Amino acid sequence: MKTDIEIAMEAELEPIKNVAASLGISEDELDLYGKYKAKFTDDLWERVKDNPDGKLVLVTAINPTPAGEGKTTTTVGLGQAMAKIGKKAVIALREPSLGPCFGLKGGAAGGGYAQVVPMDDLNLHFTGDFHAITSANNLLAAMLDNHIQQGNALNIDTKQIVWKRCVDMNDRVLRNITVGLGRKADGVTREDHFIITVASEIMAILCLAENMKDLKERLGRIIVAYTYDGQPVTAKELKAVGAMAALLKDAIRPNLIQTLEHTPAIVHGGPFANIAHGCNSIRATKTALKLADYTITEAGFGADLGAEKFMDIKCRMAGLKPDAVVLVATVRALKYNGGVAKENLGTENLDALKKGIVNLEKHIENVSKFDVPCIVTLNQFVTDTEAELAYVKQFCEERGCEFALSQVWEKGGEGGVALANKLVETIETKESHFHCLYEDSLSLKEKMTAIATEIYGAGEVMFDPSAEKEIARIEKLGFGSLPVCMAKNQYSLSDDKSVLGRPEGFPLHIREVYVSAGAGFVVAITGTIMTMPGLPRVPAAEGIDVRDDGTITGLF
């Protein structure tokens with residue numbers, strides 16, 4: 001059986017200008033990055049912005065397990081399948097982070113015969129967007145420390161600096177560091193921290209900004225520290241906005257690549273959904289809606305994280321209204337939730353399937369809270385039995401949820417035709433009445449409690465004293481009306497990653513809260529979640545190499 005990278009390397013790519021032409025985009029509306037990658041020019045948006053919007057479809061999933069779910073694979077395969085049934089579709093994805101590529105999870109290009117290509121470029125440096133975000137983040141950090149060193153005219157309290165440096169790599173030893181050691185000229189000695197680039201507020205700002213003007217306004221609102229009097233200090237006050245915007249000038253423009261079957265793929269931005277808002281850029285999604293009849297996008301991790309943030313943050317801010325949700329699961333993952341060890345998932349076990357399917361049931365219920373039609377798709381494995389597939393189908397239909405099998409990993413677009421037909425049928429026969437989970441007028445604690453109890457299934461929310469204090473400060477500063485971005489582990493509906501299935505009535509612990517004023521949301525960190533991951537015992541980096549002819553091996 002061929003590996004994902006072997007399949008990708010053997011693919012015959014279409015010149016990206018030809019892929020763009022299939023959407024009516026001229027070569028003058030592209031900035032080419034070689035033959036197979038391009039960025040859109042601003043002229044393209046100006047030309048298409050008054051076009052009617054196509055249909056918007058979100059692909060999400062159950063909680064991830066070691067058994068694999070295939071959310072991005074399904075997204076890519078569904079986009080290819082739409083072309084098979086004669087529909088004009090574009091997929092809109094996030095860019096991968098180097099952290100998972102070299103860590104444990106792997107890349108984010110899909111898999112099998114449902115991939116976006118060039119896969120190795122996408123998973124590594126791509127068009128440099130993440131490097132630009134990292135540089136802008138760290139420029140602001142450098143200007144902050146320099147301001148303090150040069151006399152601290154803004155009266156910044158070095159014990160209340162909240163802006164952190166970032167790097168797009170899993171590097172746990174950088175979580176908590178001391179800077180400014182050495183001579184007086186080396187800066188003020190203080191505690192500092194690193195986060196992974198995908199958790200940077202600048203990543204969120206890039207993905208939520210409508211244009212350069214909006215980007216600069218958002219950058220200016222970033223709170224980097226507080227004064228001795230407790231007043232916020234912003235990037236605008238540090239006079240950092242112009243230089244940061246210059247670094248992000250190209251990064252703000254969406255990227256175009258293709259699938260193995262030459263379906264257009266707009267790939268832009270990449271915040272994680274467990275520690276950030278988990279969606280690709282508003283600019284990418286809105287452009288896709290103007291270019292095609294169907295836009296197939298995805299949000300990170302399970303529906304409790306990515307889908308909730310897609311609805312409550314991205315759609316709220318951008319005025320987007322999804323027409324349908326595709327909820328991805330596998331029989332293997334459901335049996336894993338039912339207590340079956342990973343090595344035994346290939347054996348039929350209806351009892352475990354019935355026990356573990358409650359995780360899928362909760363996600364179906366969660367999607368219904370936003371009043372958007374839902375289709376469950378099983379990413380089919382060869383070890384799935386007819387009895388297992390029939391049970392899941394019946395389970396979904398009994399709950400008023402549409403159902404379709406998917407074989408896109410093995411068969412590409414052809415393996416997603418049933419899902420594509422079911423999607424079109426659902427959109428044409430079931431109306432979406434989308435609304436957010438909570439109103440802006442609720443207090444921050446009420447919003448956090450709504451997400452915890454209604455989406456996760458918690459019985460109560462427990463706030464650490466420091467979190468309580470910060471919520472009070474944030475609301476006093478006038479940020480109480482902002483939506484909430486919950487940082488929670490992805491493996492469980494609860495804040496304990498070892499608890500599978502459908503936990504109910506548990507206490508959810510919020511240990512830290514801070515405002516991302518530029519992005520426009522308040523972050524609540526739960527349990528033991530970290531904004532700087534670490535590498536596993538055997539990182540994926542150990543298996544990645546380059547042959548003498550320049551061919552990269554080991555990416556997945």
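Treat the numbers as computed from the prediction; the structure is a model and nothing was measured.

Draft legend 1. Molecular detail of the pattern of salt bridges. Under the definition given, this model contains 35 salt bridges. The shortest N-O distance in the salt bridge between Glu29 and Arg47 comes to 2.5 Å. Remark: Arg47 occurs in helix H3 (residues 42–48) and Glu29 occurs in the loop between helix H2 (16–21) and strand S1 (30–32); sequence separation between them is 18 residues. Relative accessible area serves as the criterion here: at 8%, Glu29 is assigned to the buried category. A relative accessible area of 43% means that Arg47 is categorised as partly exposed. Within the structure, one salt-bridge network assembled from shared partners comprises Glu361, Glu365, Glu398, Arg399, Arg502 and Glu504.

Draft legend 2. Representation of the sheet that holds strand S23 (residues 521–526). Taking strand neighbours across the sheet as the criterion, the four strands line up as S20-S22-S23-S21 in an open arrangement whose pairing is mixed. The open sheet has two edge strands with one neighbour each: strand S20 (460–463) and strand S21 (484–487). Taking the axes of each pair of neighbouring strands and ignoring which way they run, one obtains an average angle of 40 degrees across the sheet. Sheet analysis places S21 next to S23, joined by four bridges and oriented parallel. Bridging across to S23, Val484 finds its partner in Val522. Where helix H12 (residues 303–318) meets the sheet, its contacts fall on S21 and S23, and the angle it forms with S21 comes to roughly 160 degrees.

Draft legend 3. Inspection of helix H9 (residues 212–221) at higher detail. Taken as a whole, H9 has its buried residues at Asp214, Leu215, Arg218, Leu219 and Gly220. Lining the buried residues of H9 we find helix H8 (201–208), strand S13 (232–234), helix H10 (241–247) and H12. If you check the start of H9, you find a side-chain oxygen 3.2 Å away from the backbone N of Lys213, and it comes from Asn211.

Draft legend 4. Highlighting the state of the cysteines. Counted by the stated rule, this structure contains zero disulfides. No disulfide involves Cys315; its sulfur sits 7.1 Å from that of Cys436, the nearest cysteine.

Draft legend 5. View of the packing of H8 against H9. Taken N-terminus to C-terminus, the directions of H8 and H9 make an angle of 150 degrees; their axes are 9 Å apart at the nearest point. The angle between H8 and H9 places the two elements in the roughly antiparallel class. For the crossing formed where H8 meets H9, the hand is right-handed. Two secondary-structure elements touch here, H8 through Ile202, Ile205, Leu206 and Leu208 and H9 through Asp214, Leu215, Arg218 and Leu219. Residues of the contact of H8 with H9, tallied by class, amount to six nonpolar, no polar and two charged.

Draft legend 6. Representation of the packing of aromatic side chains within the structure. Tallied over the full model, the rule gives one aromatic pair. Each ring, one from Tyr391 and one from Phe395, has its centre 6.2 Å from the other, and the planes form 40 degrees; the classification is tilted. Taken as a pair, Tyr391 and Phe395 lie in helix H16 (residues 386–398) at a separation of four residues, close to a single helical turn. Above the face of the Phe381 ring, Arg332 is positioned so that its terminal group lies 5.0 Å from the ring centre. The ring centre of Phe395 lies 3.5 Å from the NZ or CZ of Arg399, which sits over that ring.

Draft legend 7. Unusual backbone geometry, seen in detail. Pro118 follows Val117 through a cis peptide bond whose omega is 5 degrees. Relative to the elements of secondary structure, Pro118 occurs in the loop between strand S6 (114–117) and helix H6 (119–123). In the Ramachandran plot, Phe126 falls in the positive-phi region, its phi being about 50 degrees despite a non-glycine side chain. Exposure remark for Phe126: the relative accessible area of 9% places this residue in the buried category. Even without being glycine, Asn155 reaches a positive phi, approximately 60 degrees. For Asn155, the position within the fold is in the loop between helix H7 (129–149) and strand S7 (156–161).

The rules behind the values
- By convention here, each chain's residues receive numbers from 1 onward along its written sequence.
- Under the rules for a predicted model, residues below a pLDDT of 70 receive no local features and side-chain atom pairs below 80 are neither given nor counted, while totals for whole chains, interfaces and linings still include all residues.
- The side-chain figures draw on all heavy atoms in the structure; neither hydrogens nor water molecules are used.
- By definition, a salt bridge exists where a carboxyl oxygen of Asp or Glu is found within 4 Å of a side-chain nitrogen of Lys or Arg.
- A run of DSSP states H or I qualifies as a helix once it reaches four residues; a run of E qualifies as a strand once it reaches two. Both are numbered from the N-terminal end.
- Buried, partly exposed and exposed residues are distinguished by accessible area as a fraction of the type maximum, computed with a 1.4 Å probe on protein chains only: under 20%, between the cut-offs, and over 50%, respectively.
- Pairing between two strands requires that DSSP report at least two bridges joining them.
- Between N-to-C directions, angles span 0 to 180 degrees; the directions come from axes that are lines fitted to C-alpha atoms, helices contributing only their stretch in contact.
- Here a residue-residue contact requires only that any non-hydrogen atoms of the pair lie within 4.5 Å.
- Whenever a nitrogen or oxygen atom comes within 3.5 Å of another N or O atom, the pair is scored as a polar contact, on the condition that within protein one atom can donate a hydrogen and the other can accept it, and that pairs from neighbouring residues in sequence are kept only if both atoms are in side chains.
- Any pair of cysteine sulfurs within 2.5 Å is marked as a disulfide.
- Throughout this description, any angle smaller than 35 degrees is read as roughly parallel, any larger than 145 degrees as roughly antiparallel, any in the 65 to 115 degree range as roughly perpendicular, and the remainder as oblique.
- Crossings are sorted by hand: turned counterclockwise from the far helix by less than a right angle, the near helix makes the crossing left-handed, and turned clockwise it makes it right-handed.
- Any residue outside Ala, Val, Leu, Ile, Met, Phe, Trp, Tyr, Cys, Pro, Asp, Glu, Lys and Arg is labelled polar, Gly included; the first ten of those are nonpolar and the last four are charged.
- Here is the rule: rings of Phe, Tyr and Trp (six-membered ring for Trp) pair when centre to centre is within 6.5 Å. Planes less than 30 degrees apart are stacked, more than 60 are edge-to-face, and the remainder are tilted.
- Throughout this description, the term charge over a ring refers to an Arg CZ or Lys NZ atom that lies within 6 Å of the ring centre and within 35 degrees of the ring normal.

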